[in-house]
Amino acid sequence: MKGAAPRAPIIVIPARLGSTRLPRKALADIGGRPMILHAWSRAVATGLGPVAVATDSEEIAAIVRAAGGAVVMTTGAHICGSDRIGEALRLLDPGGRHDAVVNLQGDNPTLPAGALAAALRLLAEASVDIGTLAAAAGREETDDPNAVKLVGTEIAPNRLRALYFTRARAPWGEGPLFKHVGVYAYRRASFERYAALPPSPLELRERLEQLRALEAGMRIDAAVLDKAGPSVDTGRDLAALRAAIGQEKQ
């Protein structure tokens, strides 16, 4: 059933310093600016709604505030970004004024213009709980566990209904493979439902927060982008991105 896309979204960027694969990556220098500020400024530039960074790090908070950004301090006990956003949202919007919540992961500092709006537009379909993004997986990403694969069925041109997410190469056989892009646009009621759920078995096994929603029977659709900026999960990713923009530091 078609309806209207959310009219009053809020964008929250979860950030921490304790990344296991790339410690302190939120503050990694890219072109003379910390990575978190690249993600924050791109979110602000969309004009879709207010933007806040949710973090347990005073160091991250000070940098974002110095740039003019809004910050919500959270505890360090969360196992995923959406759980951190749940705590932040209780402080940012206790009255529920915002009808959609966008979880923008801070490790994709070159997200294309229009990507967040594309994820939100998926919520115009009333049965969709979460809108996300995907792009064709590159050859070097197909077997990389840091490049999460989205397994889905095409329901319209450049639109998939997600069936599973995995760090393995999937699905098997001939055909395209899709890399998941770390954006989640939640309908507000769907976010509240997600936040109330305990971590699920497959979520914990794959270390992928979106599997909690799928295991609970929630629907996730993905807009397929022509091109997605590289995400930064490892030191190799960071070096490649710096080299790509001429900022590799010896």
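Up top is the structure.
Residues numbered from 1 in each chain as written. Predicted model: local features only at pLDDT ≥ 70, side-chain atom pairs only at ≥ 80, totals over all residues. Heavy atoms only, no water.

*Asks:* Lay out unusual backbone geometry with the relevant residues and their values.
*Replies:* With an omega dihedral of 0 degrees, the bond running from A170 to P171 counts as a cis peptide bond. Here P171 is to be found in the loop between β9 (159-166) and β10 (178-187). Backbone geometry at R24 places phi at a positive 65 degrees, although glycine is not the residue there. Judged by relative accessible area, which is 40%, R24 ranks as partly exposed. A positive phi angle is found at R207, which is not glycine, with a value near 60 degrees. Within the secondary structure, R207 sits in the loop between α6 (201-206) and α7 (210-215). (Helix = DSSP H or I, 4+ residues; strand = E, 2+ residues; numbered from the N terminus. Buried < 20%, exposed > 50% of the residue type's maximum accessible area, 1.4 Å probe, protein only.)

*Asks:* Describe the pairing of strand β1 (residues 9-15), naming the residues involved and giving the relevant values.
*Replies:* Look at any regular strand and the pattern is simple: side chains alternate between the two faces of the sheet. Judged by how many residues are buried, β1 sits mostly within the fold: 7 of 7 residues are covered. Alternating residues of β1 divide into P9, I11, I13 and A15 and I10, V12 and P14, and every residue in both groups is buried. Here β1 runs beside strand β6 (residues 100-104); their pairing, made up of 4 bridges, is parallel. Among the inter-strand pairings, P9 is bridged to a residue of β6, identified as A100. (Pairing = 2+ DSSP bridges.)

*Asks:* Describe in detail the side chain of R242, supporting the description with residues and values.
*Replies:* Relative to the elements of secondary structure, R242 occurs in helix α8 (residues 235-244). Side-chain polar atoms of R242 contact the backbone oxygen of D29, separated by 2.7 Å. (Polar contact = N/O pair within 3.5 Å; in protein donor to acceptor, adjacent residues only side chain to side chain.)

*Asks:* Got a sec to walk through the layout of surface pockets? Specific residues and values, please.
*Replies:* Reported here for the largest pocket is a volume of approximately 1,000 Å³. R16, R21, Q105, D107 and E209 are, among the 37 residues lining the largest pocket, the residues nearest its centre. Secondary structure elements with two or more residues in the lining of the largest pocket: β1, α3 (81-92), β10 and α6. The greatest single-element share of the lining of the largest pocket, amounting to 5 residues, is contributed by β10. Considering only residue class, the lining of the largest pocket consists of 13 nonpolar, 13 polar and 11 charged. Forming the boundary of the second largest pocket are 15 residues, of which E140, E141, P230, S231 and D237 lie nearest the centre. Looking at which element gives the most residues to the lining of the second largest pocket, the answer is α8, with 5 residues. (1 Å grid on protein atoms, 1.4 Å probe; cavity = no way out; pocket = protein on both sides within 12 Å on 5 of 7 lines; lining within 4 Å. Points joined across faces, edges and corners; volume = space filled by probe spheres on them. Nonpolar A, V, L, I, M, F, W, Y, C, P; charged D, E, K, R; others polar.)

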